[in-house]
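Tertiary structure, described
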Amino acid sequence: MKIKCGTDIIEIDRIKDSIDNIGNSFVNRVYTENEIKYCESKKKQKYQHYAARFAAKEAVFKAISTLLQDKYSICWKDIEVLNDSQGKPIVNLSGVNSKNIEQIDLSISHCKSYATANVVVVLK
């Protein structure tokens, strides 16, 4: 068993600017339909939730990067960040060989200016 970790922090205004200036092409390139639905439901705080998911995707990528052939073998939507029935963030991987991944534990947080994510991946 091996344990890998990843972390990321991002300024919420960077994500807000990308969404406001680039629009749907940015959102649809980075986020899944389920993620968009969740973030848009947060109304005034949607940018915090978009940023938190962006940070989470980066953190997951950092943790699983040793499993990838190269950094181009994964795209943003291959990492989906949702919430379970109790509100805890969870990760769904698609398009990634995850047979060696036993467990992924994700923690995300955000405040007025920043969003951050930490992930721990347990490999078989």
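Above: the structure in question.
The structure reproduced in this document is the subject of the present report. (Residues numbered from 1 in each chain as written. Predicted model: local features only at pLDDT ≥ 70, side-chain atom pairs only at ≥ 80, totals over all residues. Heavy atoms only, no water.)

Our focus in this paragraph is unusual backbone geometry. Non-glycine residue Lys43 carries a positive phi angle of around 50°. Here Lys43 shows up in the loop between helix H3 (33-40) and helix H4 (46-64). (Helix = DSSP H or I, 4+ residues; strand = E, 2+ residues; numbered from the N terminus.)

A few words on the sheet that holds strand S5 (residues 114-123). Reading across the sheet, the three strands line up as S1-S5-S4 and stay open at both edges, with antiparallel pairing between neighbours. Across the chains shown, the open sheet's two edge strands, defined by having one partner strand only, are strand S1 (2-11) and strand S4 (101-110). The mean angle between the axes of side-by-side strands here comes to 10°, regardless of whether they run parallel or antiparallel. Where S1 lies against S5, 10 bridges are found, and the strand directions are antiparallel. Bridge pairing in S5 links Gly6 to Val119. Packing of helix H1 (residues 12-22) onto the sheet brings it into contact with S1, S4 and S5, and relative to S1 it is tilted by some 70°. Of the strands in this sheet, S1, S4 and S5 are in contact with H4, which crosses S1 at around 145°. (Pairing = 2+ DSSP bridges. Axes fitted to C-alpha atoms, helices over the stretch in contact; angles between N-to-C directions. Contact = heavy atoms within 4.5 Å.)

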